[in-house]
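Single-letter residue listing:
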Amino acid sequence: MLKTEDLKAFYGKAQILNGVNAEVNRGEAVAILGPNGAGKTTLIRAILGLVETEGKVFFNGTDISSLKPHERVRLGIGVCPEGRGLFPNMTVEENLLLAGDDLDLAYSLFPKLKNRRNQLVKQMSGGEQQMVAIARALISKPKVLILDEPSMGLAPKVLKEIAGVLKEIKREVSILIVEQNVKFAMSFADRGYVLVKGSIVKEFESKEEIEKLYFT
Ligand code: ATP
């Protein structure tokens, strides 16, 4: 579904990604784990064409490396960016409507948002805001959803709720998540990669495998 081949990324002369090979198949949730500054956000930017790159990005087998960011998004790559990218002075529903009109989809995934639909986003908790951001990304009906550290600053209870939704939708919308929170990511991801200093240093095939690496 989504694949990078020897993907390199640069900010001016600084090379941030050193040839990343990663893949998300249909129906899968895949995690890119790694410490601060590893290049996780840069990998997302490189997939979207928002940074200077070398190497290739494939979507459904087609090389999209030379497409503009909006063209890649239009093909079906949805993004939930770091910091959520919401409009804080607009209501929940207004934020959702900017992405599409299938409000039922958003509210069926996150019923809580329906009751709060006329509330300004800035008056919602961090967890609720993250739900709005994910719902908004899904309303545009992407084939792959890319999430940039959605766990940031959120309590375990909310994370459990969000993980439950991502687990539910992954069969229909493939997921690529970059995360520092291994426990959260692996509560719904099927497999993953560890990114350190711009290189994939480890691939793992299951939650158990990564837990051994991190927690024992
Ligand atoms: P974090 O979890 O802190 O967001 P990350 O793994 O997402 O980290 P990136 O944000 O991709 O890491 O940053 C990777 C490296 O690229 C860092 O060394 C960072 O300083 C550098 N970097 C990021 N953005 C720019 C930029 N616009 N110009 C120059 N260097 C940048």
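Here, every reference points to the structure presented above.
Cut-offs used in this document
- Residues numbered from 1 in each chain as written.
- Predicted model: local features only at pLDDT ≥ 70, side-chain atom pairs only at ≥ 80, totals over all residues.
- Heavy atoms only, no water.
- Near = heavy atom within 4 Å.
- Polar contact = N/O pair within 3.5 Å; in protein donor to acceptor, adjacent residues only side chain to side chain.
- Areas by Shrake-Rupley, 256 points an atom, 1.4 Å probe, with all protein chains shown as cover.
- Helix = DSSP H or I, 4+ residues; strand = E, 2+ residues; numbered from the N terminus.
- Nonpolar A, V, L, I, M, F, W, Y, C, P; charged D, E, K, R; others polar.
- Expected span 1.5 Å × (residues − 1).
- Buried < 20%, exposed > 50% of the residue type's maximum accessible area, 1.4 Å probe, protein only.
- Arc of directions from axis to C-beta.
- Contact = heavy atoms within 4.5 Å.
- 1 Å grid on protein atoms, 1.4 Å probe; cavity = no way out; pocket = protein on both sides within 12 Å on 5 of 7 lines; lining within 4 Å.
- Points joined across faces, edges and corners; volume = space filled by probe spheres on them.
- Core = buried A, V, L, I, M, F, W, Y, C linked by side-chain atoms within 4.5 Å.
- Pairing = 2+ DSSP bridges.
- Axes fitted to C-alpha atoms, helices over the stretch in contact; angles between N-to-C directions.

S.K.: Help me understand the site of the ligand in this model?
M.R.: Near the ligand, the surroundings consist of 13 residues, among which Asn 36, Gly 37, Lys 40, Thr 41 and Thr 42 are the closest. Gly 39 has a polar backbone atom sitting 2.9 Å from an oxygen atom of the ligand. Protein coverage of the free-state accessible area of the ligand, which is 620 Å², stands at 57%. With three residues, helix 1 (residues 40–48) is the largest single contributor of residues to the shell around the ligand. Across the shell around the ligand, the residue classes break down as four nonpolar, six polar and three charged.

S.K.: Quick question: what am I supposed to make of helix 7 (residues 156–169) here?
M.R.: Each full turn of the α-helix corresponds to 3.6 residues, which orients residues three or four apart in the same direction. Look at helix 7: 20 Å from first C-alpha to last across 14 residues, which is about the 20 Å you get at 1.5 Å a residue. Within the sequence span of helix 7, burial applies to Leu 159, Ile 162, Ala 163, Val 165, Leu 166 and Ile 169. Angularly, the buried residues of helix 7 cover 160° about the axis, an arc narrow enough to put them on a single face. Away from its buried face by more than 90 degrees, helix 7 exposes Pro 156, Lys 157, Lys 160 and Glu 168. Here the buried face of helix 7 lies against helix 4 (103–109), helix 6 (126–139), strand 7 (144–148), strand 8 (174–179) and helix 8 (182–185).

S.K.: Looking at this structure, I do not really get the layout of surface pockets. What am I missing?
M.R.: The gaps of empty space that remain are located by a probe, the size of a water molecule, rolled over the atoms. Taken as a whole, the largest pocket spans an internal volume of roughly 210 Å³. Of the residues contributing to the lining of the largest pocket, the split by class is six nonpolar, no polar and four charged.

S.K.: So what exactly am I meant to see when it comes to the nonpolar core here?
M.R.: Generally speaking, nonpolar side chains in soluble globular proteins are found buried as a group. Counting residues in each nonpolar core, the largest one holds 44 residues, and the members touching the most others are Leu 96, Leu 113, Ile 134, Leu 145 and Leu 166. Listed by contribution, the elements that provide at least two residues to this core are strand 3 (29–33), helix 3 (92–97), helix 4, helix 6, strand 7, helix 7, strand 8 and helix 8. Counting residues per element, this core draws most heavily on helix 6, which supplies eight residues. With near-sequence residues (within four places) excluded, Leu 96 lies in contact with Leu 103, Ala 106, Tyr 107, Val 132, Ala 135, Arg 136 and Ile 139. Counting 27 residues, the second largest nonpolar core, distinct from the first, contains Val 20, Ala 46, Val 178 and Tyr 193.

S.K.: Hey, could you run me through the sheet that holds strand 4 (residues 52–59) in this one?
M.R.: What holds strands together in a sheet is hydrogen bonding between their backbones, with the strands either parallel or antiparallel. Spatial strand order, 2-1-4-5: four strands in an open sheet with antiparallel pairing. Of all strands in the sheet, those with a lone pairing partner are strand 2 (14–24) and strand 5 (62–63), marking the two edges. Sheet topology note: the strand 1 (residues 2–11)/strand 2 ladder contains eight bridges and is antiparallel. Considered in strand 2, the bridge of Tyr 11 is made with Ala 14. Across the face of the sheet, helix 1 comes into contact with strand 1, strand 2 and strand 4 while running at roughly 110° to strand 1.

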